[in-house]
Amino acid sequence: MKDLYQGQRSMRNMRRQAMQRGVIAVLDIGTSKIACLVLQFDGPGQFRETDGVGPMAGQSNFRVVGTAHTRSRGMRCGEIQTMAETERAIRTVIQQAQKDAGVRVDHVIACISGARPASYGLAGEVSLEAGKVAQYDVARVLGACEVPEFGRGREVLHAQPVNFAVDGRSGLSDPRDHSGEKLAVDMHVLTIDGDAAGNLVHCIRRCDMELAGVASASYASGLAALVEDEQELGAACIDLGSGTTGVSVFIKKHMIFADAVRFGGDLITQDIAKGLRVSYAQAERLKTLHGGVEATGRDDREMIDLGGDTGDWETDRRQVSRSDLIGIMRPRVEEILENVAEILEAAGFDFMPSRQVVLTGGGSQIPGLDVLAARMLGHNVRIGRPLRIQGLPHTATAPGFSSAIGLSLLTAHPQDEWWDFEMPAEAYPAGSIRRAYRWFKNNW
């Protein structure tokens, strides 16, 4: 996987160079909105190089100096459908963020929410030649992991070591300098559809920006919405977006599983528009101001003006009860949660020591959703707001900004991945994954 390895290393280096210059932008390209945060760094060197496993990750303190968001265009299910429209929207939001920050930004890190993510667990083991784990041995054991056949057109997005073991002593986050005879590793690999990722790369480059990294939106949302204890003991983050619903599972502060449901809040809005015969904009307003999933006796008497400007007096004066609106929304929400439950079951979530579920994303703000989710998923459920980061305006602290905030945290405090280590030449595997080499070589 030499080309893939070198491509990802070059992105890491580009990110470090941007941090040394002081500013970098993070871009959350969603189905309903595109958000951009401009980060200013205090510079690397705030932490010792021996902190963490990877020697290249590099951590730094930062603050937000510019924010902007705009309506997304040309997107469907978290993937680009119309390149020109998405390009215009990205250019608009980046220009607004640069104007707000008062600085020019050349490098951007983006997250992708669609592209059909799929998780794999890999394992590797090597003998220790010197009787003690060295940096070279960590690279060797990562290179010893057997890579399965991911399928045609699949590309590796994340490849993170989640657990090391020395002579059976498991649970090590940093095995260096441990004495033993054998070193083993468990690695989580997340793959996505190569064409969808390639479209994203091409679109950002058309905006005259240098791409310094791509991350999973589900992963970023989990970093922002889960507190430290939840990441340590085990929790699932459900990111209810407009076009997709991302699912990520964390334990021991590492993501061990990620997947996505290919529909979200946008489908609920469409149901309201069709059921009540109103425009999409009116349906979105009704969902935001009056929506819910738990009806009470009072909702039968609460009447909502549908409004309109058709010129027909009777049509523009129509009313509907809130219970009727809830009756339209609830079946679609239940369908989304049923799909989420299937994903969590496939991930073995029921066997985790702590089974906390955190709902985030714009769709998580539907009243009563946490109660319905707890009933359907059978776990403790709470609504998660993203962590507060320095310089972030209050308008960007809503759950809908979890992916952008998580991507900021990941940019400043990256977790070690396979390409952060000097891979020995004999460890490059051959065979079915050569398509990934060519794709990364051509795109990164």
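Data block above holds the structure.
Predicted, not measured: the structure shown is a model, and the values here were computed from it.

Undergrad: Help me get a handle on the nonpolar core, residues and values and all.
TA: Counting residues in each nonpolar core, the largest one holds 72 residues, and the members touching the most others are Leu 27, Ile 29, Leu 39, Ile 90, Leu 200 and Ile 204. Setting aside anything within four residues of it in sequence, one finds Leu 39 in contact with Gly 22, Val 23, Ile 24, Val 26, Phe 62, Arg 63, Val 64, Ser 408 and Thr 411. With 37 residues, the next largest nonpolar core counts Ala 236, Leu 240, Val 249 and Ile 366 among its residues.

Undergrad: Help me get a handle on the sheet that holds strand β11 (residues 210-216), residues and values and all.
TA: Pairing in this open sheet of 5 strands is mixed, and the strands run β3-β2-β1-β6-β11 from one edge to the other. Strand pairing shows two members of the sheet lacking a second neighbour, β3 (62-71) and β11, which therefore form its edges. The sheet shows a mean angle of 20° between the axes of neighbouring strands, direction not considered. Note: strand β6 (residues 107-112) against β11, 6 bridges, orientation parallel. Bridging from a neighbouring strand, Ile 112 pairs with Ser 216 of β11. Where helix α4 (residues 194-206) meets the sheet, it contacts β1 (23-29), β6 and β11, and its direction lies at approximately 150° from that of β6. Its contacts with the sheet put helix α5 (residues 217-225) on β6 and β11, and the angle it makes with β11 is roughly 75°.

Undergrad: Any chance you could break down the sheet that holds strand β14 (residues 254-261) for me, citing the residues and the numbers?
TA: If you trace the 5 strands from one edge of the open sheet to the other, you get β14-β13-β12-β17-β18, paired in mixed fashion. Single-partner strands in this sheet number two, and they are β14 and β18 (380-383). Each strand of the sheet is rotated relative to its neighbour by a mean of 20°, with strand direction disregarded. Pairing analysis gives 6 bridges linking strand β12 (residues 235-240) to strand β13 (residues 245-251), with the strands arranged antiparallel. When the bridges of β13 are listed, Leu 240 appears paired with Thr 245.

Undergrad: For a negative patch on the surface, give the residues involved together with the corresponding values.
TA: Residues Glu 338, Glu 342, Glu 345 and Asp 350 make up a contiguous surface patch of negative charge. When you line up the elements, Glu 345 lands in helix α10 (residues 322-346).

Undergrad: Break down unusual backbone geometry for me, with residues and values.
TA: Phi angles above zero are rare outside glycine, and Asp 167 is one such case at about 55°. With respect to the helices and strands, the residue Asp 167 is situated in the loop between β8 (154-166) and β9 (169-172). Not every positive phi belongs to a glycine, and Asp 177 is a case in point at roughly 75°. Positionally, Asp 177 belongs in the loop between β9 and β10 (182-193).

Undergrad: I'd like a rundown of the environment of His 107, residues and numbers included.
TA: In this fold, His 107 is placed in strand β6. For the pair His 107 and Met 19, spaced 88 residues apart in the sequence, the C-alpha separation amounts to 9.5 Å. His 107 has contacts with Met 14, Ala 18, Arg 21, Ile 24, Ala 25, Met 209, Glu 210 and Ala 212, leaving out every residue within four places of it along the chain.

Undergrad: Can you lay out helix α7 (residues 265-276) for me, pointing to particular residues and giving the numbers?
TA: Between its first and last C-alpha, α7 extends 17 Å over 12 residues, near the 16 Å set by a 1.5 Å rise per residue. Restricting attention to buried positions, one finds in α7 the residues Gly 265, Asp 266, Ile 268, Thr 269, Asp 271, Ile 272, Ala 273 and Leu 276. For α7, the secondary structure elements touched by its buried residues are α8 (280-290), β16 (319-321) and α10. Two residues or fewer after α7 comes Arg 277, characterised by a positive phi angle close to 55°.

Undergrad: Account for the packing of helix α2 (residues 83-101) against α4, with residues named and values stated.
TA: At a minimum axis separation of 9 Å, α2 and α4 run at an interaxial angle of 55°. Classified by the interaxial angle, the pair formed by α2 and α4 is oblique. Relative to α4, α2 is oriented so that their crossing is right-handed. Two secondary-structure elements touch here, α2 through Met 83, Ala 84, Thr 86, Glu 87, Ile 90 and Arg 91 and α4 through Asn 199, His 202, Cys 203 and Arg 206. Of the residues contributing to the contact of α2 with α4, the split by class is 4 nonpolar, 3 polar and 3 charged.

Criteria and thresholds
Residues numbered from 1 in each chain as written. Predicted model: local features only at pLDDT ≥ 70, side-chain atom pairs only at ≥ 80, totals over all residues. Heavy atoms only, no water. Core = buried A, V, L, I, M, F, W, Y, C linked by side-chain atoms within 4.5 Å. Buried < 20%, exposed > 50% of the residue type's maximum accessible area, 1.4 Å probe, protein only. Contact = heavy atoms within 4.5 Å. Pairing = 2+ DSSP bridges. Helix = DSSP H or I, 4+ residues; strand = E, 2+ residues; numbered from the N terminus. Axes fitted to C-alpha atoms, helices over the stretch in contact; angles between N-to-C directions. Patch = residues over 30% accessible without salt bridge, like charges linked within 9 Å, V, L, I, M, F, W, Y side chains within 5 Å. Areas by Shrake-Rupley, 256 points an atom, 1.4 Å probe, with all protein chains shown as cover. Salt bridge = Lys/Arg side-chain N within 4 Å of Asp/Glu carboxyl O. Lys, Arg positive; Asp, Glu negative; His and termini not counted. Charge placed at Lys NZ, Arg CZ, Asp CG, Glu CD. Expected span 1.5 Å × (residues − 1). Parallel < 35°, antiparallel > 145°, perpendicular 65-115°, else oblique. Left-handed = near helix turned anticlockwise from the far one by under 90°. Nonpolar A, V, L, I, M, F, W, Y, C, P; charged D, E, K, R; others polar.

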